[in-house]
Amino acid sequence: MNEHKLRIDELTVLLNQYNYQYYILDKPQVSDYEFDMLLKELASLEKANPEYMHVDSPTQRVGGTITKLFPTVKHQYPMLSLGNTYNQGELVDFHNRLMEFANNEIEYVCELKYDGVAISLIYENGILVRAVTRGDGVQGDVVTNNVKTIYSIPMRLSGDFPEKFEIRGEIFMPHRSFERLNSERIENNEEPFANPRNAASGSLKLQDSALVSKRKLDCFLYYVLGENLPFKTHYEAVSKAAEWGFKVPKETKVCKGMDEVWKFIDFWDHERHNLPFDIDGVVIKANSFDLQKAAGFTAKNPRWAISYKYKAERVATKLLSVVYQVGRTGIITPVANLEPVSLSGSIVRRASLHNADIMESLDIHHDDVVFVEKGGEIIPKIIAVDLSHRQANAQKYSFIDKCPECGSKLLRVEGESAYFCLNESACPPQIKGKLEHFIGRKAMNIDSLGEGKVEMLFDHNLVHNVADFYDLSYDKLIGLEKIIPATDEKMERTISFREKTVENILNAIENSKSVPFERLLFALGIKNVGETIAQKIAHHFGNIQNIMNATYESLIMIDDVGDQIAKSVIDYFSDLNNMIMIDRLKAAGLQMEVKIDTSEQKPNLLQGKAFVVSGVFSISRDVLKKMIVDYGGKNTSSISSKTDFVLAGDKMGPEKFKKAQTLKLNIISEEEFYKMINL
Ligand code: IVH
């Protein structure tokens, strides 16, 4: 037998086993390095022998597929939600209603109520065939490729699993992943997610599964469904699911009678703060499947299960003032300063009021006493005003109409709740925000200018836009000093530019001249152009000149570039100030084109040929697209008379296929493509 096939088989089994031990049993067997080496070996064998790749290949965990539109499918069993209870009395009512269907004492299973997004997984012959979101409960979106990047979800089962069944659970983002993601977003000047639930649901709908993989989601499975399943109880079904390879909740407990249920609820009310993920309550389910069947469902909820929701902690405090912050892109955020108060273990001094609409709906007045709550959010929220404390003549807060920093008139974009200051080139926080973004780690990485130094250069009138960094000199910097006042978090400190500091700064600026063009494009801080999009635009156009000349139509042809991004790019390069600045950066010697790694350069067999890749292939579409670029071709996303080849896989959309035929384009298969590049 072919030795490559044998090694692929062997590595697939071995790496899946390592993943299971690491992500489900929490018992790593090999070092990360050893794992990565084996995974790399497998990936390169699969690349050379795509026909031997398995459906459960661990290489899929790192993603690589792009999904533009998530198809919608109907759930075989509707995905209902649970009724909620908030106190012991309501829970007893639930129990009494269920007793009407029971012959003797009811055995319950208590589980935690994970705060994430519900997912339905379909397995056939032990293989994960489909993952579908809850959607409206009747139909949901197919997100299989994204779900495959979640290491704790098995792609192939082991043991005596039913031939066909569905299993449901909750995809969530553990605190560690959430904190890492948000700090990255803040560093990238992107809006952080308000809570792990939003982050999890946003991640599941990302088009690029490689990005989903980086989000480090996790999943607990808690509900097995199917025809003629050989189990008598919920607990038995879930325990079996663990044997097949699923990650099922460890905190589950069988409880006899309401007293035990209440103890479980009480225990987790305190203990939940020590979990590495968010929960928002407890789910109580009748254990017996016979009882579940007898009780059945109402239109919305099962009668055999209910959730008990923990109350979000809430305190009252005095509103001291409302201030308005101006972000890098000019967005205005109202923030409430509060009399410091302790809430869920931390001192709260500020709360975001988000935008004008939210401020209006809270109807806050000067000197109000407000209720502050910490739900799933990291930033506390003002929930309501305690009207009993309001003075008769209290004045209402109304949203400002001029920028608090530069005095420009604020503008509200139609259909949006945010106000913006449009004075991009002269409003200090916007300028400083852009400068800070430019020097960031993922941008030009001029770290010796961090921690308040940029602000100091701005205050001394030395930098106004990013090109000014390259005009700095020893004489301009030496001896500068600034006192940074104390804040709640940090003590007062002084920054002073002595010889060593100045040398470090000038060196870092010099080194930034060799930062690759992709990162420079991101560093420019074009609205809506994050790290990945900048990379895609840079690779598509190759150099700054082509990007400056790009049309709206050519921009939206790029993967993941939509209307908003295309418009931002066009706007940015139509601004004369930006053009002058780029000219200065060019003159300073910064990288203005993508450098191709010549060490691995492939022959230019596809020179200038435009490809559209569509459908499902034995390897990921992204890998195919990279091969096209490596061999000198171009990827475009829509079929037109300019397309040279349509690389068609399984399940290519019939409309696309028809269009390609009408235009008499070359439609080629995956095999034919490999022949073109002599593989
Ligand atoms: S059982 C028929 N168990 O809560 C009901 N749901 O409001 C099946 N959830 O959509 C759901 N943890 O997203 C169940 N241990 C758990 C849960 C749980 C979280 C979510 C799930 C569901 C929602 C119901």
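Structure: see above.
Fair warning: this is a prediction, and the values are worked out from it, not measured in the lab.

Parameters and conventions
Residues numbered from 1 in each chain as written. Predicted model: local features only at pLDDT ≥ 70, side-chain atom pairs only at ≥ 80, totals over all residues. Heavy atoms only, no water. Helix = DSSP H or I, 4+ residues; strand = E, 2+ residues; numbered from the N terminus. Rg over C-alpha atoms; globule rule 2.2 N^0.38 Å. Buried < 20%, exposed > 50% of the residue type's maximum accessible area, 1.4 Å probe, protein only. Near = heavy atom within 4 Å. Polar contact = N/O pair within 3.5 Å; in protein donor to acceptor, adjacent residues only side chain to side chain. Areas by Shrake-Rupley, 256 points an atom, 1.4 Å probe, with all protein chains shown as cover. Pairing = 2+ DSSP bridges. Contact = heavy atoms within 4.5 Å. Axes fitted to C-alpha atoms, helices over the stretch in contact; angles between N-to-C directions. Salt bridge = Lys/Arg side-chain N within 4 Å of Asp/Glu carboxyl O. Parallel < 35°, antiparallel > 145°, perpendicular 65-115°, else oblique. Nonpolar A, V, L, I, M, F, W, Y, C, P; charged D, E, K, R; others polar. Phe/Tyr/Trp six-rings, centres within 6.5 Å; stacked < 30°, edge-to-face > 60°. Left-handed = near helix turned anticlockwise from the far one by under 90°. Core = buried A, V, L, I, M, F, W, Y, C linked by side-chain atoms within 4.5 Å. Lys, Arg positive; Asp, Glu negative; His and termini not counted. Expected span 1.5 Å × (residues − 1). Arc of directions from axis to C-beta.

(A) Layout of the overall build of the protein chain. A count of helical and extended segments in the protein chain gives 24 helices and 24 strands. Against the globule reference of 26 Å for 679 residues, the protein chain gives a C-alpha radius of gyration of 29 Å, in line with a compact fold. Structurally, the protein chain occupies a C-alpha span of about 90 × 85 × 50 Å along its principal axes. Classification of the 679 residues of the protein chain by burial places 48% in the buried group.

(B) Fine view of the site of the ligand. Lining the immediate environment of the ligand, one finds 13 residues, of which Glu 111, Leu 112, Glu 170, Tyr 222 and Lys 285 sit closest. In this structure, a nitrogen atom belonging to the ligand sits 3.0 Å away from a main-chain N or O atom of Leu 112. For the ligand, an oxygen atom lies 2.6 Å from a polar atom in the side chain of Glu 170. For the ligand, whose free accessible area comes to 530 Å², the fraction covered by protein is 91%.

(C) Broad picture of the sheet that holds strand 22 (residues 634–635). Pairing within the open sheet is parallel, and its four strands lie in the order 22-21-23-24. If you trace the sheet from one side to the other, it starts and ends with strand 22 and strand 24 (666–668), each paired once. Relative to strand 22, strand 21 (residues 610–614) runs parallel, the two sharing two bridges. Residue pairing across strands places Phe 611 opposite Asn 635, the latter belonging to strand 22. Running over the sheet, helix 22 (residues 621–630) touches strand 21, strand 22 and strand 23 (645–648) and is turned about 170° from strand 21.

(D) Structural detail: the sheet that holds strand 8 (residues 218–225). Taking strand neighbours across the sheet as the criterion, the four strands line up as 5-4-7-8 in an open arrangement whose pairing is antiparallel. With partners counted over all chains shown, the strands left at the sheet margins are strand 5 (127–133) and strand 8, one partner each. Each strand of the sheet is rotated relative to its neighbour by a mean of 30°, with strand direction disregarded. Examined bridge by bridge, strand 7 (residues 164–172) and strand 8 share seven bridges and lie antiparallel to one another. Bridge pairing in strand 8 links Phe 172 to Asp 218. Its contacts with the sheet put helix 6 (residues 196–204) on strand 4 (117–124), strand 5 and strand 7, and the angle it makes with strand 4 is roughly 40°. Sheet strands touched by helix 8 (residues 234–244): strand 7 and strand 8. Its angle to strand 8, the strand with the most contacts, is close to 130°.

(E) Representation of the pattern of salt bridges in the model. Considering all chains together, one arrives at 35 salt bridges under this definition. A salt bridge links Glu 455 to Lys 432; the shortest N-O distance between them is 3.2 Å. With Glu 455 in helix 13 (residues 453–459) and Lys 432 in helix 12 (residues 428–439), this residue pair connects regions lying 23 residues apart in the sequence. Notably, a salt bridge pairs Lys 513 with Glu 510, separated by 3.1 Å at the nearest N-O pair. Residue Glu 510 is classed as partly exposed on the basis of its relative accessible area, which comes to 46%.

(F) The arrangement of the packing of helix 20 (residues 563–574) against helix 21 (residues 576–588) in detail. Interhelical geometry of helix 20 versus helix 21 gives an angle of 75° and a closest axis separation of 5 Å. Judged by the inter-axis angle, helix 20 sits roughly perpendicular to helix 21. Mapping the contact onto sequence places Tyr 572, Phe 573 and Ser 574 in helix 20 and Leu 576, Asn 578, Met 579, Met 581 and Ile 582 in helix 21. For the contact of helix 20 with helix 21, the per-class residue count stands at six nonpolar, two polar and no charged.

(G) Seen up close, the packing of aromatic side chains. If you walk through the whole model with that rule in mind, you get 28 aromatic pairs. Here Phe 297 and Trp 304 contribute two aromatic rings whose centre-to-centre distance is 6.0 Å and whose plane-to-plane angle is 80°, an arrangement assigned as edge-to-face. For Trp 304, a relative accessible area of 5% gives the class buried. On the numbers, 4.8 Å between centres and 20° between planes, the contact of Phe 399 with Tyr 419 is stacked.

(H) Geometry of the packing of helix 3 (residues 88–99) against helix 9 (residues 257–271). The geometry of helix 3 relative to helix 9 is characterised by a closest axis approach of 12 Å and an angle of 140° between their N-to-C directions. As the angle between them shows, helix 3 and helix 9 are arranged oblique. In the crossing of helix 3 with helix 9, the sense of the turn from one axis to the other is right-handed. Touching Gln 88, Leu 91 and His 95 of helix 3 are Met 258, Val 261, Trp 262 and Ile 265, all from helix 9. Here the contact of helix 3 with helix 9 is composed, by residue class, of five nonpolar, two polar and no charged.

(I) Structural view of the nonpolar core. Core analysis: the largest hydrophobic core is formed by 59 residues, its most contacted members being Phe 438, Phe 469, Ile 537 and Phe 573. The set of elements that each furnish at least two residues to this core consists of helix 12, helix 13, helix 15 (499–511), helix 16 (517–523), helix 17 (531–541), helix 18 (544–549), helix 20 and helix 21. Counting 37 residues, the second largest nonpolar core, distinct from the first, contains Ile 150, Leu 157, Phe 165 and Val 212.

(J) Focus on unusual backbone geometry. Its identity is not glycine, yet Asn 528 carries a phi of approximately 70°, on the positive side. With respect to the element layout, Asn 528 can be found in the loop between helix 16 and helix 17. Here Asn 528 falls in the partly exposed class, since its relative accessible area comes to 39%.

(K) Layout of the side chain of Asp 278. Among the structural elements, Asp 278 can be located in the loop between helix 9 and strand 10 (279–286). The side chain of Asp 278 sits in the buried core without any salt bridge; Arg 197 is the nearest counter-charge, 7.1 Å away.

(L) Structural view of helix 5 (residues 175–187). Across its 13 residues, helix 5 extends 18 Å between first and last C-alpha, which sits within 8% of the 18 Å expected from 1.5 Å per residue. Three or more residues of helix 5 are buried, namely Ser 177, Phe 178, Leu 181, Asn 182 and Arg 185. When helix 5 is viewed along its axis, its buried side chains cluster within an angular range of 125° and face the same direction. Opposite its buried face, helix 5 presents the exposed residues Arg 176, Glu 179 and Ile 186, each directed more than 90 degrees away. The inward-facing, buried residues of helix 5 abut helix 6.

(M) Representation of the side chain of His 75. Along the chain, His 75 turns up in the loop between strand 1 (72–74) and strand 2 (83–85). One polar contact links the side chain of His 75 to the main-chain carbonyl oxygen of Arg 134, over a distance of 3.1 Å. Look past the residues within four positions of His 75 in its chain and what remains in contact with it is Ser 120, Val 132, Thr 133, Arg 134, Gly 137, Val 138, Gln 139 and Gly 140.

(N) Main features of helix 9. With 15 residues, helix 9 should cover 21 Å at 1.5 Å per step; its first-to-last C-alpha distance of 22 Å lies within 8% of that length. Among the residues making up helix 9, those that are buried are Gly 257, Met 258, Val 261, Phe 264, Ile 265 and Trp 268. Considered in projection along helix 9, the buried side chains sweep an arc of 140° and stay on one side of the axis. When the buried face of helix 9 is taken as reference, the exposed residues oriented beyond 90 degrees from it are Asp 259, Lys 263 and His 270. In this structure, the buried residues of helix 9 make contact with helix 3, strand 3 (107–114), strand 9 (253–256), strand 10 and strand 11 (305–309).

These figures come from the coordinates and say nothing about function on their own.
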